[in-house]
Amino acid sequence: CGSGRWAKSLFPDGSEAPVSNVSQYLGVDYSSTMSNESARCLSQIQTARVVRGDARRDGLLAEACASFFGAPDRIVASYVLDILDEKDLQRV
């Protein structure tokens, strides 16, 4: 999820009236620095959540989505394929 700036842009002025039919956002980042920064950036948006975790762990995304919002209708994974090793890429 990085710094959270892109996600925040989905909610203009930090309001609950989202752009592009996005009503909820869940960010996952392995880095504690980035997940903390993203959580801080999105703290005023009630329907945005950030969790720290390794998205390669089986079930992490399903657990995170279920605990916050239920099944997602979209998943955006930016810069994820760049950091996966060959073994992980084969699983994808």
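Residues numbered from 1 in each chain as written. Predicted model: local features only at pLDDT ≥ 70, side-chain atom pairs only at ≥ 80, totals over all residues. Heavy atoms only, no water.

## Some remarks on the nonpolar core
Spelled out, the test is: Residues grouped as a nonpolar core are buried Ala, Val, Leu, Ile, Met, Phe, Trp, Tyr and Cys residues, joined through side-chain atoms within 4.5 Å. Buried means the residue's accessible area, taken with a 1.4 Å probe over protein chains only, is under 20% of the maximum for its type, while exposed means over 50%, and partly exposed covers the values in between.
Counting 7 residues, the largest nonpolar core is built from A7, L10, F11, Y25, L42, I45 and A48. By size, the runner-up hydrophobic cluster in this structure holds 6 residues, among which are V28, V51, L60 and A64.

## As for helix α3 (residues 60-68)
For the α-helix, the turn length of 3.6 residues means that residues three or four positions removed from each other point alike. Which entries qualify depends on this criterion: Working definition: helices are DSSP H or I runs of at least four residues, strands are E runs of at least two. Numbering for both runs from the N terminus. Picture the helix axis, draw a direction to every C-beta atom, and the arc is the one those directions span. Contacts between residues were defined by any pair of non-hydrogen atoms, one from each residue, lying within 4.5 Å.
When α3 is considered as a whole, its buried residues turn out to be L60, A64 and C65. Buried residues along α3 cover an arc of 120° about the axis, so they all sit on one side. Turned more than 90 degrees away from the buried face of α3 sit A62 and A66, all of them exposed. The elements touched by buried residues of α3 are β1 (25-29) and β2 (48-52). Directly beyond the C-terminal end of α3, a positive phi value near 95° is found at G70.

## Description of helix α2 (residues 32-41)
Cut-off, in case you're wondering: Polar contacts, as used here, are pairs of N or O atoms within 3.5 Å; protein pairs need one atom able to donate a hydrogen and one able to accept it. Residues neighboring in sequence count only if both atoms are side-chain atoms.
Looking only at α2, the buried set comprises S35, S38 and C41. All buried residues of α2 project into a common sector of 125° when viewed along the axis, lining one side. In this structure, α2 carries T33, N36 and R40 as exposed residues pointing more than 90 degrees from its buried face. Where α2 is buried, its residues touch α1 (5-9), β1 and β2. Structurally, the start of α2 carries an N-cap: the backbone nitrogen of T33 is 3.2 Å from a side-chain oxygen of S31.

## Some words on the environment of F11
You can see F11 is positioned in the loop between α1 and β1. Counting along the chain gives 31 residues from F11 to L42, while the straight-line C-alpha distance between them is 9.5 Å.

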